[in-house]
Amino acid sequence: MMNIGYTINNNLCTGCGICEGVCNKHAISIVTCSGTFRPQIDSTKCNDCGLCLRACAGAEMNLKEYSDSLFCDAGIKYDQYIGKYHQCYTGYSNDNDLRYHAASGGLTTQFLIWLLENDKIDGAVVTRFKKDAPYMVNTFVAKSKEELIESRSSKYAPVTHAKMLRLIKEAPGSRYVVVGVPCQIQSWRKAMKIDKDLCTKIIGLFGLYCSSSRTFNFTEYILKERNIDMKKLSYLSYRDNGCLGGLVAKGEDFSFYQDYQLYCHPLRSIFVPRRCLLCVDHYSELADVSFGDIHIEPYLDDKVGVNSVIVRNKYWKDLLEEVMKKGVITLDEINVEILNASQKSAKMKKDRNMRFVALNKALGYNIPQYGEIDKKGVDLKTIVQYVHNRIQQFIGSKRIFWFLIPLLKKKTKVV
Ligand SMILES: Cc1cc2nc3c(=O)[nH]c(=O)nc-3n(C[C@H](O)[C@H](O)[C@H](O)COP(=O)(O)OP(=O)(O)OC[C@H]3O[C@@H](n4cnc5c(N)ncnc54)[C@H](O)[C@@H]3O)c2cc1C
């Protein structure tokens, strides 16, 4: 099969939506399906040119080949989990309000605001909740400080970048930044390699670390479990009120808060999209700059918000340090050992998930092609872990089985 149908039929789709934008025939639309986003092909328009499949990181992504060609400044180093990197930092925005209401330390949003206000970029692809339905996420091109602030914090819901390629190509200016999770960043890289016009419009890809995404069912479940009527919501945030923070849900006559560790961690394996189990990129290895949390002492005591950051080329390193010198953000260098020790999911993705890939291959399924790193053995532990994860996912995907979730939650360790 020459088109994205291959990805859909083999459950390899990440829902990133990039295929919609690369299709010259407008034959692809992105729809919701099984709790996440999926492409749909109009066979009367498709000419099987294969562009969509070439841009699809869900089917094939040689991380090493791409990072070798992208990040080659003098002084570039390599780590098996982080990939290529120039420098790692911890830090936060010096604007306390922004820092408190952002996902981690607000560095992503603060850096974008500074870039925009200092005429370094024309806009940024980011995501915000829909005003009329604050449980739905909307991706758009932010061109003002206010829009960037609206987009802050993590969205634990499917996010698609469909329509963003065309929007960027048609937009005035040629200095756009895209913010996304690893699978989105990978597909943007592939699309930029195929489409030189797109390449000239984007000057940076900012990645988020990602242990896994969540299906639409996650939001529905957490609200239902707390007797919150989705239709009455006027504000929702998965990560508000400080470091890690928690769920904030507000309506006309109610206001709810619960710590991240209490509401989110116990459900992590239940509402994970199936494709995330085959993902091996935790740190957004193909991003120019990657942003995440830092889960290790002495940062665990922080109450406002702290980031860790990985910079992969000199251009962005110099800019980030310029913003620090202006007093807009705080940055401290850290070494990769501390960063990796703070991110247990990084090891899980490169080790456990790579074994899941090998298991799927052994079972005769088509798997994501990761090139050189495509080698891990399958043992009994892998099989047990995979079956356990798939059962949990199955329960999360079928509302009739949601009555079992409290039993599963008890067995989930809160870390
Ligand atoms: C699904 C998911 C899983 C994550 N897993 C981890 C993890 O395991 N470990 C870790 O350290 N960090 C993880 N992160 C990253 C972390 O939650 C913060 O997003 C990151 O530290 C940046 O914080 P900040 O305060 O700088 O960002 P903010 O200033 O709050 O800005 C966040 C930016 O990310 C964009 N964004 C938010 N959610 C999404 C999304 N789903 N897709 C695309 N863009 C989005 C927003 O529009 C905004 O531009 C995850 C994020 C997501 C979305």
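What comes next is a walk through the structure. (Residues numbered from 1 in each chain as written. Predicted model: local features only at pLDDT ≥ 70, side-chain atom pairs only at ≥ 80, totals over all residues.)

1. With respect to the pairing of strand S12 (residues 254-259)
Our working rule: DSSP-based pairing: two strands are paired if at least 2 bridges between them are found. Strands are runs of DSSP state E lasting at least 2 residues, helices are runs of H or I lasting at least 4, and numbering of each runs from the N terminus.
Bridge analysis of strand S11 (residues 246-251) against S12 gives six bridges, and the strand direction is antiparallel. Bridging from a neighbouring strand, Gly-246 pairs with Asp-259 of S12. A loop of two residues connects S11 with S12, the two strands running antiparallel in sequence.

2. Here we look at the pairing of strand S9 (residues 202-208)
What counts, and what does not: Using C-beta atoms placed from the backbone, we call a residue buried if 20 or more other C-beta atoms fall within 10 Å of its own, exposed if 12 or fewer do, and partly exposed for counts in between.
Counting buried positions along S9 gives six out of seven residues, so the element sits mostly inside the fold. Bridge count between S9 and strand S13 (residues 289-292): three bridges; the pairing is parallel. When the bridges of S13 are listed, Phe-206 appears paired with Val-289.

3. Here we look at the sheet that holds strand S8 (residues 176-180)
Worth spelling out the cut-off: Here an axis means a line fitted to C-alpha atoms, over the contact stretch when the element is a helix, while the angle between two N-to-C directions is reported on a 0 to 180 degree scale. Residues are treated as contacting if the C-beta atoms built from their backbones sit within 7 Å of each other.
Strand order across the open sheet formed by eight strands is S7-S6-S8-S9-S13-S14-S5-S15, with mixed pairing between neighbours. Two strands bound the open sheet, and with one partner strand each, they are strand S7 (137-142) and strand S15 (329-333). In this sheet, neighbouring strand axes are inclined to one another by 25° on average, regardless of whether the strands run parallel or antiparallel. Judged from the five bridges that link them, strand S5 (residues 87-93) and strand S14 (residues 307-311) form a sheet pairing that is antiparallel. The partner of Gln-87 across the bridge, within S14, is Val-311. Against the sheet, helix H13 (residues 314-325) makes contact with S5, S9, S13, S14 and S15, and its axis sits at roughly 125° relative to S15, the strand it touches most.

4. Observations concerning the sheet that holds strand S10 (residues 233-240)
With antiparallel pairing, the three strands of this open sheet are ordered in space as S10-S11-S12. For this open sheet the edge positions go to S10 and S12, each flanked by a neighbour on one side alone. Adjacent strand axes in the sheet meet at a mean angle of 5°, parallel and antiparallel pairs treated alike.

By themselves, these figures tell us nothing about what the structure is for.
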